[in-house]
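Residue strings, one per chain:
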Amino acid sequence: MFSNFPATKAFGAASLGAPFATVFTSSTKGLEAIAAETTDYAKVSFEKSQAFFEKLIGVKKIDEAIQLQSDFTKSAYDDFLAYATKIGETYSGLAKEAFKPINGASPAQPPVVAPPSKAPVATKQN
């Protein structure tokens, strides 16, 4: 029944091993880039927040505090949008790289067709 099992196993290893190794490598690099970018964003955000609070402590008038808060909020929002856009592009690139080897390998592989079974089909008798 499974006389051709070694050939089937070799076909699976050859056709799937290389693309998945490539996917793993590109995924690892992409996730490392995302982690590095997130760490940098968090570090810069913390430093800007710290500087904001130091300025806020020195404020003498409520109008200055409101203006300072408004400027900080706008800056934080702009920084977050830039970060989110960059991370989104990184995730998009990661997905494209991850599926490129699989999509590229699919058309080149011949379709696998199971040979017809020669075993008789048992019929159920009542």
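Remember, predicted model here, so these are calculated numbers, not experimental data. Throughout this document, residue positions are counted from 1 along each chain, in the order its sequence is written. In view of the model being predicted, local features appear only for residues whose pLDDT reaches at least 70, and side-chain atom pairs are presented and counted only at 80 or more, with totals across whole chains, interfaces and linings using the full set of residues. Working from all heavy atoms in the structure, the side-chain values ignore hydrogens and water.

1. Focus on the overall build of the protein
Helix and strand assignments come from DSSP, with helices taken as H or I runs of at least 4 residues and strands as E runs of at least 2, each series counted from the N terminus. A count of helical and extended segments in the protein gives two helices and zero strands. Looking at the 126 residues of the protein, the share that counts as buried comes to 13%. Counted over contacts in the protein with a minimum sequence separation of 6, partners at least 24 positions apart contribute 80%. Total accessible area computed for the protein in this model is approximately 10,300 Å², and 66% of it derives from carbon and sulfur atoms. Burial classes: relative accessible area under 20% of the type maximum marks a residue as buried, over 50% as exposed, and values in between as partly exposed (1.4 Å probe, protein chains only). We call two residues in contact whenever any of their non-hydrogen atoms come within 4.5 Å of each other. Residue burial considers only the protein chains on display, and all accessible areas are found by Shrake-Rupley using a 1.4 Å probe.

2. Observations regarding the pattern of salt bridges
We count a salt bridge whenever a side-chain nitrogen from Lys or Arg sits within 4 Å of a carboxyl oxygen from Asp or Glu. Evaluated as defined, the whole model comprises three salt bridges. Where Lys86 meets Glu37, a salt bridge forms, and the shortest distance between an N and an O atom there is 3.3 Å. Here the residue Lys86 occupies a position in helix H2 (residues 62-108), and Glu37 occupies one in helix H1 (residues 5-57), the gap between them amounting to 49 residues. By relative accessible area, which is 43% here, Lys86 ends up partly exposed.

3. Things to note about the packing of aromatic side chains
Two rings belonging to Phe, Tyr or Trp (six-membered ring only in the last case) form a pair when the distance between their centres is within 6.5 Å. Interplanar angles under 30 degrees mark stacking, angles over 60 mark edge-to-face geometry, and anything in between is tilted. Counting across every chain of the model gives five aromatic pairs. Within the aromatic cluster, the residues linked to one another by ring pairs are Tyr41, Phe80 and Tyr83.

4. What to know about the environment of Ala95
As for its placement among the helices and strands, Ala95 is situated in helix H2. With relative accessibility at 34%, the residue Ala95 sits in the partly exposed group. For the pair formed by Ala95 and Ser27, sequence separation is 68 residues and the distance between their alpha carbons is 8.2 Å.

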